[in-house]
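# Observations on the three-dimensional arrangement
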Amino acid sequence: MSPTEAILNNSAVADTPAAARPDDFAHFDNYVMTTYGRFPIAIERGEGCRLWDTEGREYLDFVAGIATCTLGHAHPAMVAAATRQIQKLHHVSNFYYIPQQGDLAQWIVDRSCADRVFFCSSGAEANEAAIKLARKYAHTVLDIKYPTILTAQKSFHGRTLATITATAQPKYQENFDPLVPGFAYVPYNDITALEDAIGDIDEGDRRVGAILIEPLQGEGGVRPGDLDYFLRLRKICDETGILLICDEVQTGVGRTGKYWGYENLGIEPDIFTSAKGLAGGIPIGAMACKRSCDVFEPGNHASTFGGNPFACAVALAVGQTIEREDLLTNARARGEQLRTRLRAIAQQRPDVFVDVRGWGLIDGMEIAEEAELTSIEVVKAAMERGLLIAPAGPKVLRFVPPLTVSAEDIDRAADILTEVLDANYAR
Ligand SMILES: *Cc1c(COP(=O)(O)O)cnc(C)c1O
């Protein structure tokens, strides 16, 4: 027996059964800082689009770790890649060349408008890298002394200081001031407001250096970008030299039915960021850019965990599986099916639901402002009936299942949602 097998065979180490742990959420809350409002369940195991909690209850997973578990749970390709790589080499410093990192960078470059990639471990960190690159580009190429980065209202870019500043939502910023200078906000999908903002900021040494924007706003309520808006936005950037940065942390890696969200808008950004779905739930982040804006030099930026062999090997396996299983086609077809079902549900309750929208498998259902119903209430009721969905703000239900979701799973989710609404909120 190998040492690994010996350890795995020792059940005390291998798999502490949930029942042996204090089955008490208060115990957890006693030790873990309360930065999250948690639902009172603990997930123990997953397979495909199914999850089981510590009480043995089964759930259909339309959250996927918030648009992260691209291949669902325990996908054999991920298990094999992770096992193979951890048995060989899981982490090594960026002091050295990391072949898996090079292969993953090429995978991204071959399937996007970018030429070069930097790796880190999360979405916020990828956006930080993009912000730093854009600032250096503004200083050294555009010759702007005080560059401003424009972002959109209702956006979400992460929880670090620079990215909460970029996130134009007061609830994420309150009590964390002073915020990072050099950001200004514009309404989403409003080209006149954008032109005005660029004009207003342009004064002396102060100019707009970059625009950081989601192709479809995820946390802000599953709001797709407008085609005309993004075409004009791209044109403004071309004419002025302002960099266009797309935050693809939630929309990237096939989620929208295309590799990248910007492909739905007929434009190419100068820089884009990725994280959530890239390694299917293993922590990774990436910032990709055109060769022309790669102004980083050795020592400018770094990340200890960034692009380690383990995360990159798993991300490559996720990418290969997206292709082998034709998951872009599945994301488009299942998304269409889901939105058709959600529209039928919404039409039966016109006083409750006002919109169904989305691309591929990032879809939202908006509850009327006047309706006495919040997204959290529906999320809780659905959870009790075995369907996990996520809120995107107080009035939007978000559906982001694994890209492997089947037609039967989509129908089952829509059936459960119908039951929830029939049982709790009479028509
Ligand atoms: C989730 C998210 C982030 C932040 O990613 P983390 O990995 O939590 O830091 C940034 N931008 C968008 C669009 C996101 O959805």
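Residues numbered from 1 in each chain as written. Predicted model: local features only at pLDDT ≥ 70, side-chain atom pairs only at ≥ 80, totals over all residues. Heavy atoms only, no water.

### A look at the domain arrangement of the protein chain
When the parts of a complex come together, some accessible area is lost, and that lost area is often taken as the interface size. Entries for the protein chain in the domain assignment read domain 1 (3–68 + 327–424) and domain 2 (79–324). The C-alpha centroid of domain 2 is placed 26 Å from the C-alpha centroid of domain 1. With 24 residues of domain 1 in contact, the opposing surface of domain 2 contributes 26 residues. Summed over both partners, the interface of domain 1 with domain 2 buries about 2100 Å², with 62% contributed by carbon and sulfur atoms. Here domain 1 is connected to domain 2 by 1 salt bridge. The salt bridge partner of Arg398 is Glu219, with a shortest N-O separation of 2.8 Å. Between domain 1 and domain 2 we count 10 residue pairs in polar contact (both at pLDDT 80 or more) in total. Elements represented by at least two residues in the side of domain 1 that touches domain 2 include exactly α4 (64–67), α13 (327–348), β13 (353–359), β14 (362–367) and β17 (396–399). For the side of domain 1 that touches domain 2, the per-class residue count stands at 14 nonpolar, 5 polar and 5 charged. (Domains from an automatic or database assignment. Contact = heavy atoms within 4.5 Å. Buried area = accessible area lost by both parts, 1.4 Å probe. Salt bridge = Lys/Arg side-chain N within 4 Å of Asp/Glu carboxyl O. Polar contact = N/O pair within 3.5 Å; in protein donor to acceptor, adjacent residues only side chain to side chain. Helix = DSSP H or I, 4+ residues; strand = E, 2+ residues; numbered from the N terminus. Nonpolar A, V, L, I, M, F, W, Y, C, P; charged D, E, K, R; others polar.)

### Overview of the site of the ligand
Every residue lining the ligand is accounted for by Ser122, Gly123, Ala124, Asn127, Phe156, His157, Gly158, Glu214, Asp247, Val249, Gln250 and Lys276. One of the backbone N or O atoms of Ala124 is found 2.7 Å from an oxygen atom in the ligand. With respect to the ligand, the backbone of Phe156 contributes an N or O atom lying 3.2 Å from a nitrogen atom. For the ligand, whose accessible area on its own is 380 Å², the fraction buried by protein is 81%. The element contributing the most residues to the shell around the ligand is helix α7 (residues 123–140), with 3 residues. Split into classes, the residues belonging to the shell around the ligand amount to 3 nonpolar, 6 polar and 3 charged. (Near = heavy atom within 4 Å. Areas by Shrake-Rupley, 256 points an atom, 1.4 Å probe, with all protein chains shown as cover.)

### Digging into the side chain of Gln85
Summarising the element assignment, Gln85 is placed in helix α5 (residues 76–88). Within the local environment of Gln85, its side chain forms a polar contact with the side chain of Gln100, the two groups lying 3.4 Å apart. With residues near it in sequence (within four places) discarded, Gln85 still touches His90, Gln100, Pro309, Phe310 and Ala313.

### Some thoughts on the sheet that holds strand β12 (residues 285–289)
Strand order across the open sheet formed by 7 strands is β4-β12-β11-β10-β7-β5-β6, with mixed pairing between neighbours. On the outer flanks of this sheet lie β4 (116–120) and β6 (183–186), each paired with one strand and no other. Across the sheet, the mean angle from the axis of one strand to that of its neighbour is 25 degrees, orientation sign disregarded. Note that strand β5 (residues 146–152) and strand β7 (residues 206–213) share 6 bridges and pair parallel. Along β7, the bridge assignment pairs Tyr146 with Arg206. On the sheet, helix α6 (residues 99–110) packs against β4, β11 (271–274) and β12 and is oriented at approximately 125 degrees with respect to β4. (Pairing = 2+ DSSP bridges. Axes fitted to C-alpha atoms, helices over the stretch in contact; angles between N-to-C directions.)

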